[in-house]
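This is what each chain is made of:
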Amino acid sequence: MNRIKISIFTAVAFIYLLSCNTAKENYFSFPAGATPEEVGKKLGTHFIPGEHFLHGGKWIHYAEVCTWLGALRFAEATGDKELTEQLKARFESLFSTEKAYQPIMNHVDLNMFGCLPLEFYQVTKDRRYFDLGMPYADTQWTLAGDATGEQKDWAAKGLSWQTRMWIDDMFMITIIQSQAYRATGHAEYINRAAREMVVYLDSLQRPNGLFFHAPDVPFFWGRGNGWMAAGMTELLRALPENNPDRPRILKGYLTMMESLKKYQSASGMWNQLIDAPDCWAETSGTAMFAYSMITGVKRGWLPAKEYGAAARKAWLALVSYIDDKGDVTEVCVGTNKLNDRQYYYDRPRVAGDYHGQAPVLWCAAALLEN
């Protein structure tokens, strides 16, 4: 009798797991023209001949880094060796004729560059990438000689001296530290990123689960919240299950995802100001939220029935915003913080900006990962 009960239990459990996996596959199966293989290839190859997007006209901009990273992860997910080689060839000049484009290591938006060579290192095992990338992770916690009093105070608390309490930081810091952890296996990198994230969550997350652009800018800007969503996602992907800060970060992530689901429009998009129904639908933030939900469903952090459907809806909406050239349209331009609600309504919208290209590539790669 006991054997029969065990057999029935095993069969029921198997059917349940099978149904869960089938549900995920159904949510992430798409019609021709909207498959992640097609979209990722289109945007990935479009990136290769594109001009560099420079920060202040001097260094590779973080948005280009994010696009490069997305294209490389897509190539990895599909086994596209040709695209990988093209991406390597584009990077090769940064070791020689374009070496001056390597960012300096004195700002959160510049230090995140290191995540890209560290991804190349994990793909190729070429030590040059490791040697280039690791100083960007290390100097983020090495107090600069000309540090301000505020920066010294952050460092004294065990945080990065590059801490600003802008929500953008929680992608810029976590992505480079997570990559350093993956490349080295040294827990100090992921542990300090996790501690930093907890401080930001405790300080900035609002009761509705979303985040103001900054403490003095009380608006729920789409892409800013996207950086936070993607940052928590990247961190949770790398963070060991036994890390003491993981429960707090997962709680922050789940709270945000629940709120985002409520604000998603009928079209599948999220708006430039998330809680403003009269504001315009914006693609970069939508793609970041979709990436976070796709990953959450795939990793089992989110129930597929609710969030698989929301992510699918967002992906199909995003595909409709990609033009024939492979440019993502309706992307908010680079945006500094400003305590003026109308400022966010009036931000210019552009096509092909790397702020938008990048997260769509992240989505394509995430959809194809096991």
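Our subject is the structure that appears above.
Residues numbered from 1 in each chain as written. Predicted model: local features only at pLDDT ≥ 70, side-chain atom pairs only at ≥ 80, totals over all residues. Heavy atoms only, no water.

Enquirer: In this structure, what is going on with the nonpolar core? I would like to understand it.
Expert: It is characteristic of soluble globular proteins that their nonpolar side chains tend to be buried jointly. By size, the foremost hydrophobic cluster in this structure holds 113 residues, and its most contacted members are Ile249 and Met256. It is helix 16 (residues 354–368) that provides the largest number of residues to this core, a total of 11 residues. Residues in contact with Ile249, not counting those within four places in the same chain, are Ala194, Met197, Val198, Leu201, Met232, Leu235, Leu236 and Leu239. Counting residues in each nonpolar core, the second largest holds 13 residues, with Trp166, Ala214, Trp280 and Tyr344 among its members. (Core = buried A, V, L, I, M, F, W, Y, C linked by side-chain atoms within 4.5 Å. Buried < 20%, exposed > 50% of the residue type's maximum accessible area, 1.4 Å probe, protein only. Helix = DSSP H or I, 4+ residues; strand = E, 2+ residues; numbered from the N terminus. Contact = heavy atoms within 4.5 Å.)

Enquirer: When you look at the packing of aromatic side chains in this model, what are you seeing that I'm missing?
Expert: Remark: the centre distance and the inter-plane angle together describe each pair of aromatic rings, the angle taken between the planes. Inspection of the entire model under this criterion finds 24 aromatic pairs. An aromatic cluster is defined as three or more aromatic residues linked by ring pairs; in this entry it consists of Phe47, Phe53, Trp68, Phe91, Phe95, Phe113, Phe120, Tyr129, Tyr136 and Tyr354. The aromatic ring of Phe95 is capped on one face by Arg128, whose charged end is 4.3 Å from the ring centroid. In this arrangement the basic side chain of Arg128 is found over the ring face of Tyr129, its NZ or CZ atom lying 5.8 Å from the centre. (Phe/Tyr/Trp six-rings, centres within 6.5 Å; stacked < 30°, edge-to-face > 60°. Lys NZ or Arg CZ within 6 Å of the ring centre and 35° of its normal.)

Enquirer: Sorry, what's going on with helix 13 (residues 283–299) here?
Expert: The α-helix advances 3.6 residues per turn, and as a result positions three or four apart in sequence lie on the same side. If you check helix 13, its first and last C-alpha atoms are 24 Å apart, about what 17 residues at 1.5 Å a residue would give, namely 24 Å. Among the 17 residues of helix 13, 15 are classified as buried, and the element is accordingly described as predominantly covered. Just downstream of helix 13, Gly300 is the residue with a positive phi angle, here 85 degrees. (Expected span 1.5 Å × (residues − 1).)

Enquirer: It is not clear to me how empty space enclosed by the protein should be interpreted in this structure. Could you clarify?
Expert: Where empty space is left becomes clear once a probe the size of a water molecule has been rolled over the atoms. Summed over all chains, the structure comprises 1 cavity of 30 Å³ or more. Going through the elements one at a time, helix 11 (222–238) and helix 16 are the ones with two or more residues in the lining of the largest cavity. (1 Å grid on protein atoms, 1.4 Å probe; cavity = no way out; pocket = protein on both sides within 12 Å on 5 of 7 lines; lining within 4 Å. Points joined across faces, edges and corners; volume = space filled by probe spheres on them.)

Enquirer: Just to check I follow, could you spell out unusual backbone geometry for this structure?
Expert: Backbone phi values are negative for most residues with the exception of glycine, while trans is the configuration of most peptide bonds. Although it is not a glycine, Met165 sits at a positive phi angle of roughly 65 degrees. Along the chain, the position of Met165 falls in the loop between helix 8 (149–156) and helix 9 (169–184). A relative accessible area of 10% places Met165 in the buried class. The phi angle at Glu330 is positive, at roughly 55 degrees, despite the residue not being glycine. Assessed through its relative accessible area of 25%, Glu330 is described here as partly exposed.

Enquirer: What should I look at first to understand the pattern of salt bridges in this one?
Expert: Two side chains with opposite charge may pair up if their charged atoms get near one another. One pass over the full model with this rule turns up 19 salt bridges. Of the charged contacts in the structure, one is a salt bridge between Arg246 and Glu241, with a shortest N-O distance of 3.5 Å. By relative accessible area, Glu241 is classed as exposed at 67%. As a salt-bridge pair, Glu306 and Lys261 come within 3.2 Å of each other at their nearest N and O atoms. Here Lys261 lies in helix 12 (residues 246–263) and Glu306 lies in helix 14 (residues 304–319), a separation of 45 residues in the sequence. A relative accessible area of 40% means that Glu306 is categorised as partly exposed. Looking at Lys261, the relative accessible area reads 28%, which means it is partly exposed. Several salt bridges share partner residues, and in doing so they unite Arg73, Glu119, Glu234, Arg237 and Glu369 into one network. (Salt bridge = Lys/Arg side-chain N within 4 Å of Asp/Glu carboxyl O.)

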